[in-house]
Amino acid sequence: MTRFTVNNQPVEYRMDPRTPLLWALRDASNLTGTKYGCGTGDCGACAVDVDGGLRLACQETIGALEGTFVTTIEGLSKDRSHPVQQALLATNIVQCGYCIPGIVMAASVLLRTNRNPSEDDIKSAIPNICRCGIYPRLIGAITEAARSARGEAPLPEEPQPEAETQAPE
């Protein structure tokens, strides 16, 4: 049995210690925000926070995580109030959304360790692959999230769908 903390809850997995964290989270804990992308650690869709550092859940075995603290996208904030989540919503850059949980986790780890990241800092800290190509706008959103986290500027409101209007009869 492997024991560690996931999203501030102690867990005990009765699985083979060689089981990748990704599958323990998704299959045993029903935390499906951590995505399977490539299984080789190249895409970043499965990024999680382990003891304050970015880790790829497809590459970590649960046995190697004994006693650690793991945070998934579900544990980052219950109401999408984390500055990175707010910035991505406010700038409306999310497209298919598959890569977004891993990107949010990578950006949250970055902003915890670097409150004023440069464009190069952001590029090197976000190893994720986005097939939709949101990268240029992503840098701006993470910069805005950093400004908001430092208290320098509020994030713009999340865009609301336009109300349907009816033509006069």
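So, here's what we can say about the structure. Just so you know, these numbers come straight off a predicted model, no measurement behind them.

What counts and what doesn't
Residues numbered from 1 in each chain as written. Predicted model: local features only at pLDDT ≥ 70, side-chain atom pairs only at ≥ 80, totals over all residues. Heavy atoms only, no water. Phe/Tyr/Trp six-rings, centres within 6.5 Å; stacked < 30°, edge-to-face > 60°. Helix = DSSP H or I, 4+ residues; strand = E, 2+ residues; numbered from the N terminus. Buried < 20%, exposed > 50% of the residue type's maximum accessible area, 1.4 Å probe, protein only. Pairing = 2+ DSSP bridges. Axes fitted to C-alpha atoms, helices over the stretch in contact; angles between N-to-C directions. Parallel < 35°, antiparallel > 145°, perpendicular 65-115°, else oblique. Left-handed = near helix turned anticlockwise from the far one by under 90°. Contact = heavy atoms within 4.5 Å. Nonpolar A, V, L, I, M, F, W, Y, C, P; charged D, E, K, R; others polar.

### Section: the packing of aromatic side chains
For the structure on display, the rule yields 2 aromatic pairs. Judged by centre distance (5.4 Å) and plane angle (35°), the rings of Trp-23 and Tyr-36 are tilted. Of this pair, Trp-23 sits in helix H1 (residues 21–28) while Tyr-36 sits in the loop between H1 and strand E3 (47–50), placing them 13 residues apart in sequence. Trp-23 sits in the partly exposed class, given a relative accessible area of 31%.

### Structural notes on the pairing of E3
Each regular strand carries side chains that alternate between the two faces of the sheet. Neither face of E3 is left uncovered, since the one carrying Ala-47 and Asp-49 and the one carrying Val-48 and Val-50 both have all their residues buried. Pairing between E3 and strand E4 (residues 53–56): 4 bridges, direction antiparallel. Of the residues in E4, the one forming a bridge with Ala-47 is Leu-56. Connecting the antiparallel pair E3 and E4 is a turn made up of 2 residues, with Asp-51 showing a positive phi of about 50°. Looking at chain direction, E3 and strand E5 (residues 69–71) are connected through 2 bridges and run antiparallel. When the sheet's bridge partners are listed, Asp-49 is paired in E5 with Thr-71.

### Some thoughts on the packing of helix H4 (residues 100–113) against helix H6 (residues 135–149)
Viewed as axis vectors pointing N to C, H4 and H6 meet at an angle of 45°, and their least axial separation amounts to 11 Å. Taken together, the axes of H4 and H6 are oblique relative to one another. By crossing handedness, the relation of H4 to H6 is classed as right-handed. In this structure, H4 uses Ile-103, Ala-107, Leu-110 and Leu-111 to contact H6, whose residues at the interface are Leu-138, Ile-142, Ala-145 and Ala-146. Here the contact of H4 with H6 is built from residues that sort into 8 nonpolar, no polar and no charged.

That's the geometry; what it means functionally is another story.
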